[in-house]
Amino acid sequence: MSDISLSLDFSRLTQTEEEGAEEIQERDLIIIGAGPAGLTAGLYAGRAQLRPLILVGQSFGGQAATTSEMENYPGFPEGIGGLALAEQMASHAKRFEAEIAYEEVTSVDLSTYPFVINTYGGVYHAKTLIICTGTSARRLGVPGESKFIGRGVSFCATCDGYFYKDKTVVVVGGGDSALDEGLYLTRFAREVIIIHRRDRLRANPTLQRRARANPKVRFVFNSVVEEVMGEQTVKAVRVRNVNTNEESLIETEGVFVYIGLIPNTTLFKDQLELTTDGYIVTDKRQRTSVPGVYAAGDVQDPWFRQVVVAAGAGAAAAIEAERFLAEKAFEDQAEEDEETKGE
Ligand code: NAP
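> It is not clear to me how the site of the ligand should be interpreted in this structure. Could you clarify?
Around the ligand, a shell composed of 18 residues is seen, among which Asp176, Ser177, Arg197, Arg198 and Arg202 lie nearest. With respect to the ligand, the side chain of Arg202 contributes an N or O atom lying 2.6 Å from an oxygen atom. Taken by itself the ligand offers 920 Å² of open surface, and the protein chains cover 80% of this. It is helix 4 (residues 176-185) that contributes the most residues to the shell around the ligand, three residues altogether. Taken together, the residues that form the shell around the ligand break down as four nonpolar, eight polar and six charged.

Take a look at the structure:
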């Protein structure tokens, strides 16, 4: 981890313009993102009576909500759906007065204090901020992929699997997501063809065993998808064997892309320290390079990417935010007392 300065230097912080102040909502804590990290941060901050506002953006539940069956979240021995878990987390947070708003953040300014958060709906000032914007599915970037999104190309088996009853679908990727979601698709599809660019899967051994044992699953190794083809909807993928360069067509009606994730950090570029891959750099206490700004979950974690880890990080970030606010209130009071004494 890089060495990031966490000293509280408020001298460089300027007050935001008062213009249009009646529309500005002041908050002790704003949480951007409502995946497991954001919702758990909301629960902890709610219990600390910070009345946090969670801004949901485009996707409630984050990547977890696109996971059909989660078998490794503690406390659910029978497994639980990702969306169902996110809904439980949200009602838990709301029980402690966390507010959840479906507002997408358009820009943030972390160079002023309080921090400024602009959404399509308005402007917020936040004394602390927890960023839980997660990751988005990486795309193949091949011809036909964008054109057929919603017409055969999907990044969410849980959302779209049902439409492929008795059909042949392909899944691209060799990681946990590809196998997990490929197995989920076997509930509907007649055949699930997993296309992977190497001859070895990245997925964990349990998933590999389950996928290999499933008669509906077939693997096409050492191969990459070069084009998604069709008319109104997907009809086939053009596949190239990376060893022989031989090309072939695989007929399919659905293409599920699971080739990894990219962090959603565009809003914070040039404002927070990011890794070369674009993840937010945090220390062990979820602190970012700007005092009072924390990050939790997949947006700062390229290693584990587990719901339970994200939830833990969200809790830690909320505890830190509460401490930051308490210390700041103490310092502000001491300053005020000093000034009164001098009068
Ligand atoms: P991942 O582990 O990064 O795997 C991505 C897969 O896509 C890899 O097999 C990779 O191939 C392949 N790939 C990457 N770029 C490609 C390209 N341009 N063209 C073709 N193939 C490409 O991503 P993930 O499977 O989405 O998993 C993300 C994280 O979530 C992981 O940490 C995973 O453990 C976690 N997760 C866990 C579970 C679970 O515990 N049940 C379920 C889902 C996800 P290479 O192997 O050759 O690199």
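> Help me out: how do you make sense of the nonpolar core in this one?
Proteins that are soluble and globular tend to have nonpolar side chains buried together. Counting residues in hydrophobic clusters, the biggest one holds 58 residues, and the most contacted among them are Ile30, Leu39, Ile117, Leu129, Ile130 and Ile131. The dominant element in this core, judged by the number of residues it contributes, is helix 6 (residues 307-342), at nine residues. Counting 21 residues, the second-largest nonpolar core is a separate cluster that includes Leu183, Leu185, Leu207 and Tyr258.

> Before we go on, may I ask you to explain a nonpolar patch on the surface in this structure?
Together, Trp303, Phe304, Val308 and Val309 give the surface a local cluster of nonpolar side chains, amounting to about 440 Å² of exposed area. With respect to the helices and strands, the residue Trp303 is situated in the loop between strand 17 (293-295) and helix 6.

> Is there a simple way to think about a negative patch on the surface in this case?
Taken together, the side chains of Glu327, Glu331, Glu335, Glu336, Asp337, Glu339 and Glu343 define an acidic patch exposed on the protein surface. Tracing the chain through its elements places Glu339 in helix 6.

> What am I meant to see in the domain arrangement of the chain here?
Frequently, the measure chosen for interface size is the accessible area removed from exposure when the parts meet. The domain architecture assigned to the chain consists of domain 1 (10-136 + 261-342) and domain 2 (153-257). Residue-level contacts link five residues of domain 1 with seven residues of domain 2. Regarding the contact of domain 1 and domain 2, the summed buried area is about 490 Å², with carbon and sulfur atoms giving 40% of it. Inspection of the region where domain 1 meets domain 2 yields one salt bridge.

> Can you walk me through the sheet that holds strand 10 (residues 191-195) in this structure?
The strands that make up a sheet pair up through hydrogen bonds in the backbone, lying either parallel or antiparallel. Pairing within the open sheet is parallel, and its five strands lie in the order 8-15-9-10-11. Among the strands making up the open sheet, the edge pair consists of strand 8 (153-154) and strand 11 (217-220).

> Got a minute to help me understand the pattern of salt bridges in this structure?
Two side chains bearing opposite charge may form a pair once their charged atoms approach each other closely. If you walk through the whole model with that rule in mind, you get 12 salt bridges. With a closest N to O distance of 2.7 Å, Asp283 and Arg287 form a salt bridge. For Arg287, a relative accessible area of 22% gives the class partly exposed. Between Arg285 and Glu320 there is a salt bridge, with the nearest N and O atoms lying 2.9 Å from each other. Of this pair, Arg285 sits in the loop between strand 16 (261-263) and strand 17 while Glu320 sits in helix 6, and the two are 35 residues apart along the sequence. Under the relative-accessibility criterion, Arg285 is labelled partly exposed at 39%. A single network of salt bridges, built from pairs that share partners, joins Glu227, Arg238 and Glu247.

Cut-off values and rules
Residues numbered from 1 in each chain as written. Predicted model: local features only at pLDDT ≥ 70, side-chain atom pairs only at ≥ 80, totals over all residues. Heavy atoms only, no water. Near = heavy atom within 4 Å. Polar contact = N/O pair within 3.5 Å; in protein donor to acceptor, adjacent residues only side chain to side chain. Areas by Shrake-Rupley, 256 points an atom, 1.4 Å probe, with all protein chains shown as cover. Helix = DSSP H or I, 4+ residues; strand = E, 2+ residues; numbered from the N terminus. Nonpolar A, V, L, I, M, F, W, Y, C, P; charged D, E, K, R; others polar. Core = buried A, V, L, I, M, F, W, Y, C linked by side-chain atoms within 4.5 Å. Buried < 20%, exposed > 50% of the residue type's maximum accessible area, 1.4 Å probe, protein only. Patch = residues over 30% accessible without salt bridge, like charges linked within 9 Å, V, L, I, M, F, W, Y side chains within 5 Å. Salt bridge = Lys/Arg side-chain N within 4 Å of Asp/Glu carboxyl O. Lys, Arg positive; Asp, Glu negative; His and termini not counted. Charge placed at Lys NZ, Arg CZ, Asp CG, Glu CD. Domains from an automatic or database assignment. Contact = heavy atoms within 4.5 Å. Buried area = accessible area lost by both parts, 1.4 Å probe. Pairing = 2+ DSSP bridges.

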